[in-house]
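Structural overview for review
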Amino acid sequence: PAPAQTQATTTPTTAPRPFRFQPVRAVAAEKDIVTDEAINAAIVKGVDFLTSRFEDGKLKSAQSTQYFGTHALLVLALLHAGEAISDERLNPNHPFMASALDRLRAMSPPEELKTYSVSLRAQAFAFANRQGDRSTLSADARWLVANAVRGAYHYRDLPTGTTQPEHITWDNSN
């Protein structure tokens, strides 16, 4: 048998080089530190701004095709804000929020932006979880399921017989 070969071993001739500069931990400047109080104050300021845009449950802005979706988005934002701060107006049963939700339930979504509008209203009603909104929530959920084509949505009701996303105008925002 042939003799076993031994591997050559080498020892480094130089020691590892020391750091040229010692690492220093970055520390945020005092003015850059965000506190819980600052976050709460910002949410309160935003809630005050948004609630001032409503009158008798109705969003005070010009009527347009985006009115329904804007109203739904603001109601949803206020409901979520109510989870972060203590503001009785944001309780779904408070007269302010109840009237905004009631107004939203009474609205008809515009055909041009129906997917956005219906999905935002469904989210607001699911979040508020009020008995009186459940039939509208159920109808909105059924519409969303019926108008999905393999995960894609059109901006409005689907054309009859649509089975593939290529048959509709869709994009990744829907």
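The sections below set out a description of the structure shown in this document. Source: prediction; values computed, not measured.

Turning our attention to the overall build of the chain. Scanning the chain from N- to C-terminus turns up five helices and four strands. Seen in sequence order, the chain has helices and strands lined up from the N terminus as α-β-β-α-α-α-α-β-β. Expressed as a percentage of its 174 residues, the buried residues of the chain come to 32%. The contacts of the chain with a sequence gap of at least 6 include a subset with a gap of at least 24, amounting to 53%. In the structure as shown, the chain presents an accessible area of about 12200 Å², 55% of it carried by carbon and sulfur atoms.

Moving on: the packing of helix α1 (residues 36-51) against helix α2 (residues 67-84). Running from amino to carboxyl end, α1 crosses α2 at an angle of 145°, the nearest separation of the two axes being 10 Å. Once α1 is placed against α2, the crossing between them reads as left-handed. Where α1 abuts α2, its residues Asn 40, Ile 43, Val 47, Leu 50 and Thr 51 lie against Leu 74, Ala 77, Leu 78, Ala 81 and Ala 84.

This part is about the packing of aromatic side chains. Using the criterion set out here, one finds one aromatic pair in the structure. For the ring pair Phe 54 and Phe 96, a centre distance of 5.7 Å and an interplane angle of 85° mean the geometry is edge-to-face. Here the residue Phe 54 occupies a position in strand β1 (residues 54-55), and Phe 96 occupies one in helix α3 (residues 95-106), the gap between them amounting to 42 residues. A single burial state applies to Phe 54 and to Phe 96, both of which are buried.

A few words now on the environment of Trp 143. You can see Trp 143 is positioned in helix α5 (residues 134-146). The class for Trp 143 is buried, based on a relative accessible area of 14%. The spacing of Trp 143 and Ser 119 is 24 residues in sequence and 9.4 Å in space, taken between C-alpha atoms.

Look at helix α4 (residues 114-128): 21 Å from first C-alpha to last across 15 residues, which is about the 21 Å you get at 1.5 Å a residue. Buried within α4 are the following residues: Lys 114, Thr 115, Ser 117, Val 118, Leu 120, Arg 121, Ala 122, Ala 124, Phe 125 and Ala 128. Looking one or two residues beyond α4, the residue adopting positive phi is Asn 129, at roughly 55°.

Moving on: the nonpolar core. Within soluble globular proteins, side chains that are nonpolar tend to cluster in buried spots. Among the nonpolar cores identified, the biggest contains 25 residues, and Phe 54, Val 75, Leu 78 and Met 97 are the most heavily contacted of them. Those elements giving two or more residues to this core turn out to be α1, α2, α3 and α4. Considering every element that reaches this core, the biggest residue donor is α2, with nine residues. Leaving out residues up to four positions away in the same chain, Phe 54 has contacts with Leu 59, Lys 60, His 71, Leu 74, Val 75, Leu 78, Phe 96 and Ala 100.

Below, the discussion takes up unusual backbone geometry. The backbone phi angle of Asp 56 is positive, close to 55°, even though this residue is not glycine. Structurally, the position occupied by Asp 56 is in the loop between β1 and β2 (58-59). Taking the relative accessible area as the measure of exposure, Asp 56 reaches 66% and is therefore exposed. A positive phi angle, close to 55°, is found at Asn 129, a residue other than glycine.

Its 12 residues give α3 an end-to-end C-alpha distance of 16 Å, which sits within 8% of 16 Å, the value for a rise of 1.5 Å per residue. Against α1, β1, α2 and α4 lie the buried residues of α3.

The rules behind the values
Residues numbered from 1 in each chain as written. Predicted model: local features only at pLDDT ≥ 70, side-chain atom pairs only at ≥ 80, totals over all residues. Heavy atoms only, no water. Helix = DSSP H or I, 4+ residues; strand = E, 2+ residues; numbered from the N terminus. Buried < 20%, exposed > 50% of the residue type's maximum accessible area, 1.4 Å probe, protein only. Contact = heavy atoms within 4.5 Å. Areas by Shrake-Rupley, 256 points an atom, 1.4 Å probe, with all protein chains shown as cover. Axes fitted to C-alpha atoms, helices over the stretch in contact; angles between N-to-C directions. Left-handed = near helix turned anticlockwise from the far one by under 90°. Phe/Tyr/Trp six-rings, centres within 6.5 Å; stacked < 30°, edge-to-face > 60°. Expected span 1.5 Å × (residues − 1). Core = buried A, V, L, I, M, F, W, Y, C linked by side-chain atoms within 4.5 Å.

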